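Breakdown of the fold
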Amino acid sequence: ITEFDRAELNNYIFDGALMGLMIDENCIEYDVTGDGYDDLCIGVTQGSGIVSSSIIVYDIYNQEFYELNDRGMFDYWIDEVRDDGIHIKQGGWQRMNNDDAITGILGFSDGKLIFE
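Residues numbered from 1 in each chain as written. Predicted model: local features only at pLDDT ≥ 70, side-chain atom pairs only at ≥ 80, totals over all residues. Heavy atoms only, no water.

Focus: the sheet that holds strand 8 (residues 102–109)
- Ordered in space as 6-7-8-9, the four strands form an open sheet in which the pairing is antiparallel. Since the sheet does not close on itself, it has two edges, and those belong to strand 6 (74–82) and strand 9 (112–115), each with one partner. Sheet twist, expressed as the average angle between the axes of neighbouring strands with direction ignored, equals 35 degrees.
- Looking at chain direction, strand 7 (residues 85–92) and strand 8 are connected through four bridges and run antiparallel. Bridge pairing in strand 8 links Lys89 to Thr103. (Pairing = 2+ DSSP bridges. Helix = DSSP H or I, 4+ residues; strand = E, 2+ residues; numbered from the N terminus. Axes fitted to C-alpha atoms, helices over the stretch in contact; angles between N-to-C directions.)

Here's what the structure looks like:
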């Protein structure tokens, strides 16, 4: 994975960003899409007043971007990376606390990121 790949991800994030963009985590290299090649994965929080958190994956090999974003329903953020996958949290939208968050794994099915 090159600096050009990271720049492509940053361009995607900033081009589609709402106001108040904040990148939550460092880029994670992990094969989320299951094609045998590492993807870049990152959490972002965006908005001004109405804030939401989502996860963006850049499939470098296929030059595709995917986003796990249920704005208005849930926020998603990366918890930790283990051998079995990227563990993420799903919490209430505009979470005021993390008490209601549940943990799952970032999955990929039918061309979409999913919370498993």
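Still to come is the rest of the account.
Thoughts on the packing of aromatic side chains
- Summed over the entire model, instances satisfying the criterion amount to six aromatic pairs.
- On the numbers, 4.1 Å between centres and 5 degrees between planes, the contact of Tyr12 with Phe65 is stacked. One end of the pair, Tyr12, is in helix 1 (residues 3–15); the other, Phe65, is in strand 5 (residues 64–68), with 53 residues separating them in the sequence.
- Looking at Tyr12, the relative accessible area reads 30%, which means it is partly exposed.
- A ring pair is formed by Tyr37 and Tyr61, whose centres lie 3.9 Å apart and whose planes are at 5 degrees; its orientation type is stacked. (Phe/Tyr/Trp six-rings, centres within 6.5 Å; stacked < 30°, edge-to-face > 60°. Buried < 20%, exposed > 50% of the residue type's maximum accessible area, 1.4 Å probe, protein only.)

Focus on the pairing of strand 4 (residues 52–59)
- Within strand 4, eight of the eight residues are buried, which leaves it mostly tucked inside the rest of the structure.
- Side chains Ser52, Ser54, Ile56 and Tyr58 of strand 4 all project onto a buried face; the interleaved residues Ser53, Ile55, Val57 and Asp59 project onto the opposite face, where all are buried too.
- As defined by bridge partners, strand 3 (residues 39–46) adjoins strand 4 across seven bridges and the pair is classed as antiparallel. Counterpart to Leu40 in the pairing with strand 4 is Tyr58.
- Counting the residues between successive antiparallel strands, the hairpin from strand 4 to strand 5 contains four residues, one of them, Gln63, with a positive phi of roughly 50 degrees.

A look at the nonpolar core
- Core analysis: the largest hydrophobic core is formed by 13 residues, its most contacted members being Cys41, Ile55, Ile86, Ile88 and Leu106.
- Within the residue set of this core, elements represented by two or more residues are strand 4, strand 5, strand 6 and strand 7.
- Filtering out sequence-adjacent residues up to four positions away, Leu106 remains in contact with Val32, Cys41, Ile55, Val57, Leu68, Ile86, Ile88, Leu113 and Ile114.
- Formed by eight residues, the second largest nonpolar core is a distinct cluster that contains Ile13, Leu40, Ile42 and Ile56. (Core = buried A, V, L, I, M, F, W, Y, C linked by side-chain atoms within 4.5 Å. Contact = heavy atoms within 4.5 Å.)

All quantities given are derived from atomic positions and should not be read as evidence of function.
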